[in-house]
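Per-entry structural report
One-letter residues, chain by chain:
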Amino acid sequence: MQIIFRQAKAGECVVTAEAGDNLMHVALANDIAGIPGDCGGQCACGTCHVYINADWVERIGSVMPGSTEEAMIFGAPVDARPNSRLACQISLTPMCDGLIVEIPEEQ
Amino acid sequence: MEQALEDIGVLDVSQPQIYRDDSWRPLFARLRTEHPVYYCPESRSGPYWSISRYADIVRVDTDPLSFSSSHLHGGVTIEDRVAVSFMQMDAPMHTEKRKNVTAVVAPKSLAQMESMIRQRAGRVLDALPRNEDFDWVQNVSIELTSMMLATLFAYPIEQRQKLVHWSNVLTADLDDPESPIRTEAERQSGLQEFYLTMMELWQQRQKEEQSYDIISLLAHDEGVRSSSFDEICALFGLFLVGGNDTTRNSMSGGAWGFSEFPDQWRKLKADPKLAGNAAAEIIRYQTPVIYQRRTATREVELGSKTIAAGDKVVMWYISGNRDESVFEDADTLRVDRPNARQHTAFGMGPHRCLGARLAEMQLRILWEEVLARNLDIEILGPPTYAFSNLVRSPTSLRARIRG
């Protein structure tokens, strides 16, 4: 399947992924700029913050209120929006083909 | 020291002496191997659990429901403390209060600070003597971080030594023979001046247009403005220590690290693009904040031990960063370590250091500016360390610049 990363500075980057892959690992494996993923995917650093494209929010799901993921998103110095997610908390399924993810300018 | 501990059968890694002597490594190596979740039955702060392995530290730090930071349980230091910034709160209050201040270190704010930090770093380096001994801690680490702190607080730069003093008062260990204070009461009265000074600045900044310094951002934030006097003071204290000690200590730790591993300095020199990763690695290597404490809110099974509700649980970040199962050759500084950023020094989870990127930026810029000047720095001996189990703070590091 294909995943599309968009960032203001770096532009658009289309990468190939498999069902079952973790979105943060996909970004790291493809050297996507703007997703440092410091802690390596333990939902512990908040540095794989992404905005899910509006057309995809329903399919991917919003962050669970009261969850650690939510606390990490709100606590990081990056603008939190209703479509904010941590990439490390998204496991790709076959229906994610064509997913569009926007990346904050810096994090 | 190790022998004495074995004799009484207690591995008490909360003794500040082992950080002053820099003798903590074998004790934690033993804890990680033999007692990764260890109940220390007695210490000067009473009984506590030591969490020493990387994975267990992440487990505790990312489970705030089971392991509370709340001041109502005594906060985040082994000794119960009364401070009430968001650091000593749990969700949902923690999330709410922390959100109020994230703008201080938002990418936009950092971008505005970068060129100023670079300029200051350059000026400090240019002012260092040549072919003459000096103290890297005083002349570089303290000088640079206190300038930065004065700027962040929009505090008169020529009075920055006061900020250093207040920060030292706030973190002082009362058993330290060189401590500037002897009692908790002395600490509080010493900090009164800081709080009142900052309060005055804060009120003044409310009347001015918002700028990017901490006090201004806090002065214009509705959430902060509606907080109690004590809470706002605690917030000033948090930014004071957070913005000062940690980076200061990593600036010293980096200089010592490069002196211990000169091949790493050569590697960085050959490839200056490594400076960002080197900054993360220096922070791992130094671990300026030695631990954070939590309090169990319920019975928890961890590493086949049962932690009871109400028990103090200490996550030894300094030990997590030496865990060989995560960091190969952990006692070695490696500027190109692939997983340097996975260190525990910023904490893991909702309480993770808010100023992480600012700290990394300051460190990266310092070493980039040293490289740009091609300074030939010679470190003349190992650092001396503060008597503290909380901050790993070099107190002096003799150096000389050849040329």
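Higher on the page you've got the structure.
My aim in this report is to walk through the structure given alongside it, one point at a time. (Residues numbered from 1 in each chain as written. Chains lettered and ligands numbered in written order. Predicted model: local features only at pLDDT ≥ 70, side-chain atom pairs only at ≥ 80, totals over all residues. Heavy atoms only, no water.)

Things to note about the interface of chain B and chain A
Heads up, the condition is: Between two residues, a contact is recorded if the distance between any of their heavy atoms is within 4.5 Å. Buried area adds together the accessible area that both of two parts lose upon being put together, with accessible area traced by a 1.4 Å probe. Take a side-chain nitrogen of Lys or Arg and a carboxyl oxygen of Asp or Glu: if they are within 4 Å of each other, that pair is a salt bridge.
Across the contact, 19 residues belong to chain B and 18 residues belong to chain A. Taken over both partners, the interface formed by chain B and chain A buries close to 1500 Å², and the fraction arising from carbon and sulfur atoms is 59%. By the criterion of area lost to chain A, the three top residues of chain B are P107, R352 and R357 of chain B, representing 30% of everything that side buries. There are 2 salt bridges connecting chain B and chain A.

A closer look at the pairing of strand β2 (residues 48-51) of chain B
Residues and elements named next belong to chain B. Which entries qualify depends on this criterion: For the exposure calls, accessible area comes from a 1.4 Å probe over protein chains only, and a residue counts as buried if that area is under 20% of its type's maximum, exposed if over 50%, partly exposed in between. To qualify as a helix, a DSSP run of H or I must reach at least 4 residues; to qualify as a strand, a run of E must reach at least 2; elements of each kind are numbered from the N terminus. Only strands joined by at least two bridges in the DSSP assignment are considered to pair.
Of the two faces of β2, the one carrying Y48 and S50 and the one carrying W49 and I51 are both buried. With 3 bridges connecting them, β2 and strand β8 (residues 312-316) associate as parallel partners. Bridging across to β8, W49 finds its partner in V313.

A few points about helix α4 (residues 54-61) of chain B
Extensive coverage of α4 of chain B is indicated by the burial of 6 of its 8 residues. All buried positions along α4 of chain B are accounted for by Y54, D56, I57, V58, V60 and D61 of chain B.

Notes on the pattern of salt bridges
Residue and element names in this part refer to chain B. Scanning the entire structure with this criterion turns up 42 salt bridges over all chains. Residue R205 pairs with E208 through a salt bridge whose shortest N-O separation is 2.7 Å. The exposure class of R205 is buried, given its relative accessible area of 15%. As a salt-bridge pair, R402 and D376 come within 3.1 Å of each other at their nearest N and O atoms. One end of the pair, R402, is in strand β12 (residues 398-402); the other, D376, is in strand β9 (residues 376-379), and 26 residues separate them in sequence. The structure contains a network of salt bridges with shared partners spanning E114, R118, D126, R364, E368, E369 and R373.

A few points about the environment of N244 of chain B
All names here are of chain B. Convention followed: Two N or O atoms count as a polar contact when they lie within 3.5 Å, although within protein this holds only if one can serve as hydrogen donor and the other as acceptor, and sequence-adjacent residues are included solely when both atoms are side-chain atoms.
Tracing the backbone through its elements, the reader meets N244 in the loop between α12 (229-242) and α13 (245-260). Under the relative-accessibility criterion, N244 is labelled buried at 0%. Between the C-alpha atoms of N244 and I142, which are 102 residues apart in sequence, the distance is 8.2 Å. For N244, the contacting residues outside a window of four places in its chain are T145, S146, L149, S167 and F239. Side chain to side chain, N244 and S167 meet in a polar contact 3.1 Å long.

So, the layout of surface pockets
Here is the rule: Residues are said to line a cavity or pocket when one of their atoms sits within 4 Å of a point; the points come from a 1 Å grid over protein atoms alone, cavities being sets where a 1.4 Å probe fits but cannot get out and pockets being open sets with protein on both sides within 12 Å along at least five of seven lines. Grid points are joined across faces, edges and corners, and a volume is the space filled by probe spheres set on the points.
Estimates place the volume of the second largest pocket at around 1200 Å³. As for the second largest pocket, its lining consists of 50 residues, of which P36, D38 and Q107 of chain A together with R341 and R357 of chain B are closest to the centre. When contributions to the lining of the second largest pocket are tallied by element, the ones reaching two or more residues are α1 (23-29) and α3 (68-75) of chain A together with α6 (107-126), α15 (275-286) and α17 (356-372) of chain B. The biggest single contributor to the lining of the second largest pocket is α17 of chain B, with 5 residues.

Regarding the environment of D213 of chain B
Residue and element names in this part refer to chain B. Secondary-structure assignment places D213 in the loop between α9 (184-207) and α10 (214-219). With residues near it in sequence (within four places) discarded, D213 still touches T151, L152, F153, A154 and R205. For D213, the side chain forms a polar contact with the main-chain nitrogen of I215, separated by 3.2 Å. At 2.8 Å, the side chain of D213 forms a polar contact with the backbone nitrogen of S216.

Overview of the packing of α13 of chain B against helix α14 (residues 262-270) of chain B
Residues and elements named next belong to chain B. Stated formally: Here, axes are lines fitted to C-alpha atoms. For helices the fit covers the stretch in contact, and angles between N-to-C directions go from 0 to 180 degrees. Any angle from 65 to 115 degrees is called roughly perpendicular, while one under 35 is roughly parallel, one over 145 is roughly antiparallel, and all others are oblique. Under the grouping applied here, Gly and all other residues not named as nonpolar or charged are polar, the nonpolar ones being Ala, Val, Leu, Ile, Met, Phe, Trp, Tyr, Cys and Pro and the charged ones Asp, Glu, Lys and Arg.
One way to put it is that α13 packs onto α14 with a least axis distance of 4 Å and a crossing angle of 105 degrees. Classed by the angle they form, the pair α13 and α14 counts as roughly perpendicular. On the side of α13, the interface is formed by F258, S259 and E260, while α14 contributes P262, Q264, W265 and L268. Split into classes, the residues belonging to the contact of α13 with α14 amount to 4 nonpolar, 2 polar and 1 charged.

Some remarks on the sheet that holds strand β4 (residues 134-135) of chain B
Residue and element names in this part refer to chain B. Here we have 3 strands laid out as an open sheet, ordered β4-β12-β9, and antiparallel in their pairing. This sheet does not close on itself; its edge strands, each paired only once, are β4 and β9. Alignment of β4 against β12, held across 2 bridges, turns out to be antiparallel. Its bridge partner lying in β12, D135 is registered against R398.

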